[in-house]
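# Survey of secondary and tertiary structure
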Amino acid sequence: MKIIRVVLGALILFLDWVFTPKSVKRSAAFQKQIEQKVKGLTLYQYKSCPFCVKVRRELKRQSIRIPLKDPKRDEVAKTELLDGAGRLKVPCLKIVEGSNVRWMFESSDIIEYIRMRTL
Ligand SMILES: N[C@@H](CCC(=O)N[C@@H](CS)C(=O)NCC(=O)O)C(=O)O
């Protein structure tokens, strides 16, 4: 079972690498604005989880760099996710807006949110 997971994970990463999406090109000023808008976002994700790959591809498409944390490899990230979001499920987007913190699950919802944030 583990071997199947490892092979599938490697295949997902390989296909993601072969079909890497193109990043949108923006003017320097607009890119700076977008970077400001996505400050406060952190993505909790696993390297070869297909739903996480889907979200990372959208980040690539939108030319967005946000911190990525892997709760499988990072105990601190695991505790943050469990304590903050209440469950160990990825992808999960942590959204910090001032003193307000939200945790968003579901890859499709996260992608939709990222698209809205980068308009
Ligand atoms: N429908 C979810 C599926 C996410 C999902 O199944 N993630 C797996 C890792 S690939 C997970 O964290 N499972 C643990 C759980 O569901 O508690 C999405 O699109 O984000």
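Our subject is the structure that appears above.
Since this is a predicted model, take the numbers as computed values, not measurements.

What counts, and at which threshold
- Residues numbered from 1 in each chain as written.
- Predicted model: local features only at pLDDT ≥ 70, side-chain atom pairs only at ≥ 80, totals over all residues.
- Heavy atoms only, no water.
- Core = buried A, V, L, I, M, F, W, Y, C linked by side-chain atoms within 4.5 Å.
- Buried < 20%, exposed > 50% of the residue type's maximum accessible area, 1.4 Å probe, protein only.
- Contact = heavy atoms within 4.5 Å.
- Phe/Tyr/Trp six-rings, centres within 6.5 Å; stacked < 30°, edge-to-face > 60°.
- Helix = DSSP H or I, 4+ residues; strand = E, 2+ residues; numbered from the N terminus.
- Lys NZ or Arg CZ within 6 Å of the ring centre and 35° of its normal.
- Expected span 1.5 Å × (residues − 1).

### Topic: the nonpolar core
When a protein is soluble and globular, its nonpolar side chains tend to lie buried together. Counting residues in each nonpolar core, the largest one holds 15 residues, and the members touching the most others are Leu-41, Leu-43, Ile-64, Ile-66, Leu-93 and Ile-110. Each residue touching Ile-110, except ones within four places of it in the same chain, is listed here: Leu-43, Val-55, Pro-91, Cys-92, Leu-93, Met-104 and Phe-105. Membership of the second largest hydrophobic core comes to nine residues, among which are Cys-49, Ala-77, Leu-81 and Phe-105.

### Points about the packing of aromatic side chains
What the rule picks out here adds up to two aromatic pairs. When the ring of Phe-14 is compared with that of Trp-17, the centres are 6.1 Å apart and the planes differ by 40 degrees; the resulting orientation is tilted. Linking Phe-14 with Trp-17, this pair stays in helix H1 (residues 2-18), spanning three residues, or about one helical turn. Arranged with centres 5.4 Å apart and planes meeting at 55 degrees, the rings of Tyr-44 and Trp-103 form a pair that is tilted. Within this pair, whereas Tyr-44 is found in strand S1 (residues 41-44), its partner Trp-103 is found in strand S4 (residues 100-105), the two being separated by 59 residues in sequence. The buried category is assigned to Tyr-44, whose relative accessible area is 0%. Judged by relative accessible area, which is 22%, Trp-103 ranks as partly exposed. Over the face of the ring belonging to Tyr-46 we find Lys-72, whose NZ or CZ atom lies 4.4 Å from the ring centre.

### A word on the environment of Gln-33
Residue placement: Gln-33 occurs in helix H2 (residues 28-37). Separated by 85 residues in the primary sequence, Gln-33 and Thr-118 place their C-alpha atoms 9.1 Å from one another.

### A word on helix H3 (residues 50-61)
Taking 1.5 Å per residue as the helical rise, H3 with its twelve residues ought to reach 16 Å, and the 16 Å between its terminal C-alpha atoms agrees with that figure. Those residues of H3 not exposed but buried are Cys-52, Val-53, Val-55, Arg-56, Arg-57, Glu-58 and Leu-59. In the core, the buried residues of H3 are packed alongside H1, S1, strand S2 (68-69) and helix H5 (107-117). Looking at the residues trailing H3, positive phi occurs at Ser-63, about 55 degrees.

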